[in-house]
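Given next are the chains, with one letter for each unit.
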Amino acid sequence: MALIIRSLLDFLVISSISLVVLQQKSNGEDQLLMLQKPRLMKCRFDKIFQLGDSLSDTGNCIRENLCARGFLCGRFPYGMNFFQNTTGRCSNGMLMIDFIALESGLPLLNPYKLQNANFKHGANFAVAGATALSTENLAEEKIVNSVTNSSLSVQLDWMSTHFKSTYPTDRLSKLKKSLFLVGEIGGNEFNYGLFKGKTLKELRSMVPKVVQTIIQGVRTVISFGATRIIVPGNFPIGCLPIFLTQFRTSDSTAYDEYHCLQDLNDLAIFFNDHLKQAIQELKEEHSNIALVYGDYYNAYMWLLQNAMFLGFDKNSLLKACCGIGGDYNYDVHNQCGAIGVSVCTDPSTYISWDGVHLTEKTYSWLARWLIDDMLPKLNCHV
């Protein structure tokens, strides 16, 4: 029976996620691809705009002076399995936003910082390492973001500038058929806080401020003319190799049935619950807006629960593909992209790419789950 299910799932992957490359330019512009059955085409989106962090960055960080310094995602082997070259994506290939674009029948989004790029079908403003809170707000929490200053408010300023120059007149009508993704963002506040020694109680106290910052960002996007908006939550961070390594304990009660750290997952749930409540309240103010919560947490847990049927190696579900050392193949001092760090034989059998970010195979499945979950809520009418 398991073999039959596995064969059926493999067929579904091949039939729905297989790609046909129509054109690839060496400079990374205008990646034109096509899914065989793009489900989001029924929404007739003509543009997509993305805000966020490293889960969505398609090349902005590598074009920022501060962010690019020591940015390992800008080095090989990142991009090895699709682009055969580094693009600034923190994976071995494509990200969820790439699959969402393809499912909409659109080209991959160019990063906003790519000069002279084609933004006819939207733009990506996400920056790896970005936070929802501004640098000043982080400082109030005694947290320093040494990666980038391009917080959500900065990205929104870029978006405003882009819209003013690209659509000087009649902007609302030009954005009427666009999809906006505000995040995932807000997770790095907790990531940085954890590594700075913040307690879970201290991090929980930050949640309302982070959530309200995100919601204010959504309000700004609505003021730009957005009518279909996705606001993703956070992953179960207690399942990531980076935190499983950092907070490893001999206390077996600290782990759940999937061997993830329950306290860290509870923090993600706490944040997600506050975000969902805030989204619901905002929806009541804007009944004409399709405002959808992107359930990254349950998408990831579904994948973890069904990982073996989806082709992942049961012995590597919590290990990094690109890494070195320890039970989780992750070392904070020798991360993927550093000299001497190797890549697993087959990244498509791993959930985690580098201990923090995920493999292209994982992102493809997560995108599929999320689209199935969100499509009925986007109010798309053929």
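Residues numbered from 1 in each chain as written. Predicted model: local features only at pLDDT ≥ 70, side-chain atom pairs only at ≥ 80, totals over all residues. Heavy atoms only, no water.

Brief notes about unusual backbone geometry
For residues that are not glycine, phi is negative in most cases, and the peptide bond is trans in most cases.
Right, so step 1: Of note, the amide linkage connecting Phe-76 to Pro-77 takes the cis form, showing an omega dihedral of 20°.
Right, so step 2: Within the secondary structure, Pro-77 is located in the loop between helix H2 (65–68) and helix H3 (96–103).
Right, so step 3: Between Gly-183 and Glu-184 the backbone carries a cis peptide bond, its omega angle lying at 15°.
Right, so step 4: With respect to the helices and strands, Glu-184 occurs in the loop between strand E5 (178–182) and helix H7 (187–195). (Helix = DSSP H or I, 4+ residues; strand = E, 2+ residues; numbered from the N terminus.)

Considerations on the pairing of strand E6 (residues 228–232)
Sheet faces and side chains relate simply in a regular strand, where the side chains alternate between the two faces.
Right, so step 1: Counting buried positions along E6 gives five out of five residues, so the element sits mostly inside the fold.
Right, so step 2: Pairing between E5 and E6: two bridges, direction parallel. The residue bridging Phe-180 from the neighbouring strand is Ile-229, located in E6. (Buried < 20%, exposed > 50% of the residue type's maximum accessible area, 1.4 Å probe, protein only. Pairing = 2+ DSSP bridges.)

Regarding the pattern of salt bridges
Right, so step 1: Taken as a whole, this structure holds ten salt bridges when the rule is applied.
Right, so step 2: Between Lys-47 and Asp-46 there is a salt bridge, and its shortest N-O distance comes to 3.3 Å.
Right, so step 3: Since its relative accessible area comes to 9%, Lys-47 is described here as buried.
Right, so step 4: Given the relative accessible area of 28%, Asp-46 is considered partly exposed.
Right, so step 5: Overlapping salt bridges, with partners in common, bring together Arg-39, Glu-103 and Asp-372 in one network. (Salt bridge = Lys/Arg side-chain N within 4 Å of Asp/Glu carboxyl O.)

Concerning the layout of surface pockets
Right, so step 1: A volume near 1,000 Å³ is recorded for the largest pocket.
Right, so step 2: Lining of the largest pocket is provided by 38 residues; of these, Val-147, Asn-188, Tyr-192, Gln-335 and Val-356 occupy positions nearest its centre.
Right, so step 3: Here the element with the most residues in the lining of the largest pocket is H7; it accounts for five residues.
Right, so step 4: Among the residues making up the lining of the largest pocket, the classes are represented as 23 nonpolar, ten polar and five charged. (1 Å grid on protein atoms, 1.4 Å probe; cavity = no way out; pocket = protein on both sides within 12 Å on 5 of 7 lines; lining within 4 Å. Points joined across faces, edges and corners; volume = space filled by probe spheres on them. Nonpolar A, V, L, I, M, F, W, Y, C, P; charged D, E, K, R; others polar.)

Read these as spatial facts, not as claims about activity.
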